[in-house]
Amino acid sequence: MTVTERGATGRWPRVTVPLASAAVLVAIASGGLGLFVQLFLKERGASVFLISAASSLGSVGVLVGSYFWGRLSDRSGRRAFLIVTALGVGAAIAILIPLPGSGVVVATSFARAFMDVGFASMSLAMISAASLSATRARGMSYNSSARSLGFALGAMGAGVVLEKLGYRTGFLVMALLPMVAVLFVLRLPREERPAAPPRQLPWHALREAGLTRLYLGTILRQFSANGAFALLYVYMDDLGISPILMGTVSSLNTVTQVVALVAFGWIADRIGRRKVFLLGFAMSTLLPCVLAVSRNVPMMALSYIVFGISFSSLYIGSTAHIGDRVPLERQGTMLGLFEMARGLGGLLGPLLAGAIVPLVGFTRMFLTMAGVAGIGFLVVLGERFPFHGRGASTPKPEARSPVVDGGPI
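These numbers come from a predicted model, not from an experiment.

Trainee: Kindly report on helix H13 (residues 331-381), identifying the contributing residues and their values.
Mentor: The terminal C-alpha atoms of H13 lie 24 Å apart, and with 51 residues this falls more than 12% below the ideal 75 Å at 1.5 Å per residue. The largest bend in H13 amounts to roughly 120° and is located at Val360.

What follows is the structure, given as structure tokens:
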């Protein structure tokens, strides 16, 4: 029996259902804010660089928060911190209700992302710890799918709320939703006290588990994706697309994820994780190319569908693979570090996009991001993820499909 299997309870439905319910509400709030913030800042006369900086600062929050909350959750129970982070998301949104200046709006992106990534990473760690290898990808996919459903509902509703009720009411509604999510978190079963994690730098754990290239590739992929999407609402506004259509089209990303995440969860438990996340990295290279030729609503819709499929396969394959290869007592830290890698890429991508769009235009910016994503795909493709012994775990053949990461055990 593996390190992961010894500690897993196998009772993931008792954990997944309340977490998924809470995740929907938190994600609705977060999902609608992208459109609100970008258009609010544009209406205030903010430059494209400042608007893209809001996305970058949010990625700083992801960068700092993912590792902070991950390590904290490995040392104490996660249930209490889920409550803290949900309330924190609501409070960070509530600051926007008085419609403060542009600087405050940009600054709150950090606090909101810092709390939101804590909620997301601790949810995944709880499900991973409660799952056996044969069901880990599925359990994670249900929670991630619930978050995507919330993002879809938030994106679809944001344009309607903005046009019908305005910014102030929209911020108020979004601030209340994460606070309601706490009621579902309170229904989670009590956790056993986690074992003390080994004293080991996470960078060493990455190397020993054979995960270094996966994390580097994730940084480059997120650089590309966040850079391409940081100014996309501004780009669509320049094309004359209305806010309601923006919200509807952008929701196709997360609507696609609702189905694709669950589908890839089942697939990853059967054919192995590597084939699944490599597909995601490959499609991430295609995504900015689609954006580069998008001039109307149907092409924008196609780009968001491609985004949803690529994210789903990459995220589920990667997180399940990480859960397989690291011991239970380090899963919060290592999954948090994965979010940290995504946050680092998300920090740099929008800054480059905001800097080069005034110089080369949107089309060449999209093609630049495609090149970055292509490099990330090649980095991951070159890693065979060998087993390094201490600090990593390999599932037993009978625990799930006899194919692991694209090859026999």
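Now that the structure has been shown, the text picks up again.
Trainee: Explain the packing of helix H5 (residues 102-129) against helix H6 (residues 136-185) to me, using residue names and the numbers behind them.
Mentor: Taken N-terminus to C-terminus, the directions of H5 and H6 make an angle of 160°; their axes are 7 Å apart at the nearest point. The orientation of H5 with respect to H6, classified from their angle, is roughly antiparallel. Crossing of H5 against H6: the hand is right-handed. In contact with Asp116, Phe119, Ala120, Ser123, Leu124, Ile127 and Ser128 of H5, H6 contributes Arg136, Gly139, Met140, Asn143, Ser144, Arg147 and Val185. Residue composition of the contact of H5 with H6, by class: six nonpolar, five polar and three charged.

Trainee: So, unusual backbone geometry: which residues are in play, and what are the values?
Mentor: In this structure, Leu99 is a non-glycine residue whose phi angle is positive, near 55°. Structurally, the position occupied by Leu99 is in the loop between helix H4 (79-94) and H5.

Trainee: Explain empty space enclosed by the protein to me, and be specific about the residues and the numbers.
Mentor: What the rule picks out here adds up to one cavity of 30 Å³ or more. Roughly 1400 Å³ of internal volume is contained in the largest cavity. When grouped by side-chain class, the residues that make up the lining of the largest cavity number 22 nonpolar, 19 polar and six charged.

Trainee: Explain the packing of aromatic side chains to me, using residue names and the numbers behind them.
Mentor: In the structure shown here, the tally under the stated rule is 18 aromatic pairs. Aromatic pair Phe36 and Phe171: ring centres 5.4 Å apart, planes at 65°, arrangement edge-to-face. Taken together, the positions of Phe36 in helix H2 (residues 12-43) and Phe171 in helix H6 put the pair 135 residues apart, joining distant regions of the chain. When the ring of Phe40 is compared with that of Tyr167, the centres are 5.0 Å apart and the planes differ by 65°; the resulting orientation is edge-to-face.

Trainee: How would you sum up the environment of Asn253? Please name residues and give values.
Mentor: Relative to the helices and strands, Asn253 is located in helix H10 (residues 243-271). Each C-alpha atom of the pair Asn253 and Phe307 lies 6.0 Å from the other, and the pair is 54 residues apart in sequence. Excluding its chain neighbours within four sequence positions, the residues that come into contact with Asn253 are Tyr304, Phe307 and Gly308. Polar side-chain contacts of Asn253 include one of 3.2 Å to the backbone nitrogen of Gly308.

Trainee: Talk me through the pattern of salt bridges; I want residue IDs and the actual numbers.
Mentor: Following the criterion strictly, the structure yields four salt bridges and no others. Across the salt bridge formed by Arg147 and Asp116, the nearest N and O atoms sit 3.2 Å from each other. In this pair, Arg147 sits in helix H6 while Asp116 sits in helix H5, placing the two residues 31 residues apart along the sequence. Given a relative accessible area of 12%, Arg147 falls into the buried group. As a salt-bridge pair, Arg273 and Asp269 come within 2.8 Å of each other at their nearest N and O atoms. For the pair shown, Arg273 and Asp269 are each scored as buried.

Rules used throughout
Residues numbered from 1 in each chain as written. Predicted model: local features only at pLDDT ≥ 70, side-chain atom pairs only at ≥ 80, totals over all residues. Heavy atoms only, no water. Helix = DSSP H or I, 4+ residues; strand = E, 2+ residues; numbered from the N terminus. Expected span 1.5 Å × (residues − 1). Bend = angle between axes of the 7 residues up to and from the residue. Axes fitted to C-alpha atoms, helices over the stretch in contact; angles between N-to-C directions. Parallel < 35°, antiparallel > 145°, perpendicular 65-115°, else oblique. Left-handed = near helix turned anticlockwise from the far one by under 90°. Contact = heavy atoms within 4.5 Å. Nonpolar A, V, L, I, M, F, W, Y, C, P; charged D, E, K, R; others polar. 1 Å grid on protein atoms, 1.4 Å probe; cavity = no way out; pocket = protein on both sides within 12 Å on 5 of 7 lines; lining within 4 Å. Points joined across faces, edges and corners; volume = space filled by probe spheres on them. Phe/Tyr/Trp six-rings, centres within 6.5 Å; stacked < 30°, edge-to-face > 60°. Polar contact = N/O pair within 3.5 Å; in protein donor to acceptor, adjacent residues only side chain to side chain. Salt bridge = Lys/Arg side-chain N within 4 Å of Asp/Glu carboxyl O. Buried < 20%, exposed > 50% of the residue type's maximum accessible area, 1.4 Å probe, protein only.

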